Amino acid sequence: MINFNSLQFFHSSKYSFVGIEKKEEVFRFYLPKGFSENIDQFSGFRKKCDLFFLFYRIFDKFKKICADKGYLDKVDEFGKKDRDGVIKSSKGSEIEDDGDDSENIFYSKLDIIGSLLDVYDEPKIISLAYRLGRSNKFDVSQIHKYLHQAVYLPSNAAYVDQMLLPKKVLQFESTDIVSMYCYLFCEVKQQLKEGVSTEITSLSERFREKYLRSGDSLFDEQSYEQVLDILKDALETIDHNTPIKDADYWQYYEAIELFLYGDLSKEEDGEIWGVSNFHSVWESMCLTYIAQNLDLS
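A brief look at the structure comes next.

What counts and what doesn't
Residues numbered from 1 in each chain as written. Predicted model: local features only at pLDDT ≥ 70, side-chain atom pairs only at ≥ 80, totals over all residues. Heavy atoms only, no water. Helix = DSSP H or I, 4+ residues; strand = E, 2+ residues; numbered from the N terminus. Buried < 20%, exposed > 50% of the residue type's maximum accessible area, 1.4 Å probe, protein only. Contact = heavy atoms within 4.5 Å. Areas by Shrake-Rupley, 256 points an atom, 1.4 Å probe, with all protein chains shown as cover. Pairing = 2+ DSSP bridges. Phe/Tyr/Trp six-rings, centres within 6.5 Å; stacked < 30°, edge-to-face > 60°. Patch = residues over 30% accessible without salt bridge, like charges linked within 9 Å, V, L, I, M, F, W, Y side chains within 5 Å. Salt bridge = Lys/Arg side-chain N within 4 Å of Asp/Glu carboxyl O. Lys, Arg positive; Asp, Glu negative; His and termini not counted. Charge placed at Lys NZ, Arg CZ, Asp CG, Glu CD. Core = buried A, V, L, I, M, F, W, Y, C linked by side-chain atoms within 4.5 Å. Axes fitted to C-alpha atoms, helices over the stretch in contact; angles between N-to-C directions. Parallel < 35°, antiparallel > 145°, perpendicular 65-115°, else oblique. Left-handed = near helix turned anticlockwise from the far one by under 90°. Nonpolar A, V, L, I, M, F, W, Y, C, P; charged D, E, K, R; others polar. Polar contact = N/O pair within 3.5 Å; in protein donor to acceptor, adjacent residues only side chain to side chain.

### Thoughts on the overall build of the protein chain
Then step 1. Scanning the protein chain from N- to C-terminus turns up eight helices and 11 strands.
Then step 2. Split into buried and exposed, the 297 residues of the protein chain put 42% on the buried side.
Then step 3. Counting contacts in the protein chain only where the partners sit at least 6 residues apart, residues at least 24 apart contribute 67% of the total.
Then step 4. Approximately 16,800 Å² of the protein chain is accessible, and the part contributed by carbon and sulfur atoms is 48%.

### Let's talk about the pairing of strand 6 (residues 104–108)
Regular strands show a simple pattern: their side chains alternate between the two faces of the sheet.
Then step 1. Counting buried residues along strand 6, five of its five residues qualify, which places the element largely inside the surrounding structure.
Then step 2. Burial along strand 6 is two-sided: the residues Asn104, Phe106 and Ser108 and Ile105 and Tyr107 are all buried.
Then step 3. In this sheet, strand 11 (residues 270–275) lies alongside strand 6 in antiparallel orientation, the contact comprising three bridges. Along strand 11, the bridge assignment pairs Ser108 with Trp273.

### Here's the deal with the packing of aromatic side chains
Then step 1. All chains considered together, the criterion is met by 25 aromatic pairs.
Then step 2. When the centroid spacing of 6.1 Å and the interplanar angle of 65° are considered together, the rings of Phe55 and Phe278 count as edge-to-face. With Phe55 in helix 1 (residues 45–68) and Phe278 in helix 8 (residues 278–293), this residue pair connects regions lying 223 residues apart in the sequence. Grouping residues by exposure puts Phe55 and Phe278 together as buried.
Then step 3. Summarising the aromatic geometry, the rings of Phe59 and Trp273 are spaced 5.4 Å apart at their centres and angled 50° between planes, so their arrangement reads as tilted. Here Phe59 is found in helix 1, whereas its partner Trp273 is found in strand 11, with 214 residues between them in sequence.
Then step 4. Judged by relative accessible area, which is 5%, Phe59 ranks as buried.
Then step 5. By relative accessible area, which is 8% here, Trp273 ends up buried.

### Observations regarding a negative patch on the surface
Then step 1. Negative charge collects at one region of the surface, where Glu225, Asp229, Asp233 and Glu236 lie side by side.
Then step 2. Mapped onto the elements of the fold, Asp233 is located in helix 6 (residues 224–241).
Then step 3. On the accessibility criterion, Asp233 (49% relative accessible area) is partly exposed.

### Details of the nonpolar core
Then step 1. Residues Phe52, Phe55, Leu218 and Phe259 are the most contacted members of the largest nonpolar core, which totals 68 residues.
Then step 2. Examining the composition of this core, we find that 11 residues originate from one element, helix 1, more than from any other.

### Concerning the packing of helix 4 (residues 175–191) against helix 6
Then step 1. Where helix 4 contacts helix 6, the two axes come as close as 10 Å, and the packing angle between them is 155°. Regarding the angle of helix 4 to helix 6, the classification is roughly antiparallel. For the crossing formed where helix 4 meets helix 6, the hand is left-handed. Residues Asp176, Ile177, Met180, Tyr183 and Leu184 of helix 4 form the contact with helix 6, whose participating residues are Val227, Leu231, Ala234, Leu235 and Ile238.
Then step 2. Across the contact of helix 4 with helix 6, the residue classes tally to nine nonpolar, no polar and one charged.

### Some details on the pattern of salt bridges
Then step 1. One pass over the full model with this rule turns up nine salt bridges.
Then step 2. Asp50 is paired through a salt bridge with Arg46; the nearest N and O atoms lie 2.7 Å apart. With a gap of four residues between them, Asp50 and Arg46 both fall in helix 1, about one helical turn apart.
Then step 3. By relative accessible area, Arg46 is classed as partly exposed at 32%.
Then step 4. Among the salt bridges present, the one from Asp176 reaches Lys210, with a minimum N-O distance of 3.0 Å. Taken as a pair, Asp176 in helix 4 and Lys210 in helix 5 (residues 198–211) lie far apart in primary sequence, 34 residues in all.
Then step 5. Through salt bridges with shared partners, a single network forms among Glu187, Glu205 and Arg208.

### Observations regarding the side chain of Arg28
Then step 1. Among the secondary structure elements, Arg28 is positioned in strand 3 (residues 26–31).
Then step 2. At 3.3 Å, the side chain of Arg28 forms a polar contact with the side chain of Tyr30.
Then step 3. Those residues in contact with Arg28 that lie beyond four places of it in its chain are Gln8, Phe10, Gly19, Ile20, Glu21 and Lys23.

### Quick look at the packing of helix 4 against helix 5
Then step 1. The contact between helix 4 and helix 5 brings their axes to 7 Å, and the two run at 105°. With respect to their mutual orientation, helix 4 and helix 5 come out roughly perpendicular. Together, Thr175, Asp176, Ser179, Met180, Cys182, Tyr183, Phe185, Cys186 and Glu187 of helix 4 and Ile200, Thr201, Leu203, Ser204, Arg206, Phe207, Arg208, Lys210 and Tyr211 of helix 5 make up the contact between the two elements.

Here is the structure:
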């Protein structure tokens, strides 16, 4: 988890790299050319957070466009983790072009946001949170599905003792790992200014009501540290009390663990997150704006 208070703003005179770089234990958030004149107006936890997610959206969109066009030819192997759950990558994803001077390299030594979003699978989440199980409850509207299993009494009345109905299956609840993931997912999506389905929001609120206060947020300067500690304790409690841990459980557990415990300080000096040659990104933004807003004739 990134502590935005630790980031210091810089602007690069080379106008090449935009993102987070570590140098002599200082984390520098390099901004594009043009930000230098008003750089002080972006100080503070909230503004740094907003600016980070703004550039995250920009880089993610640019990377997807390059991947769709087949420009993203070299991708280092991501997903290698050390014991602390930190993704290690020597460089990142490279976009090849005709000239070496114009190539773009995505640095993503610690992509805790992407790792969290990549495991999102709504049908799987819903199926883990609510599964069909044998239930003694009786739903009259479903009786026609069970007449072939019924015991018929002398009065020709049909007796059904069990139905397959939605219910929570593990009682501490293994579903807590799913609702915790949904909470973090919704928090990140809110920062990215993207919508979330009603079902996922409901699971997120279930977790919030159980562990947090209504106004707490991971991306609020006042509650950031407290919420992070609560989430770490909750993850440990859930892990210790979940009786059955299958592949789905570990998938969400590892994504949450990386998000909470991933630490920029574990990285060596150099580019940690961002993109080189930002002029290509800026050019793509301008062309997209022109295509969407101006009469091409």
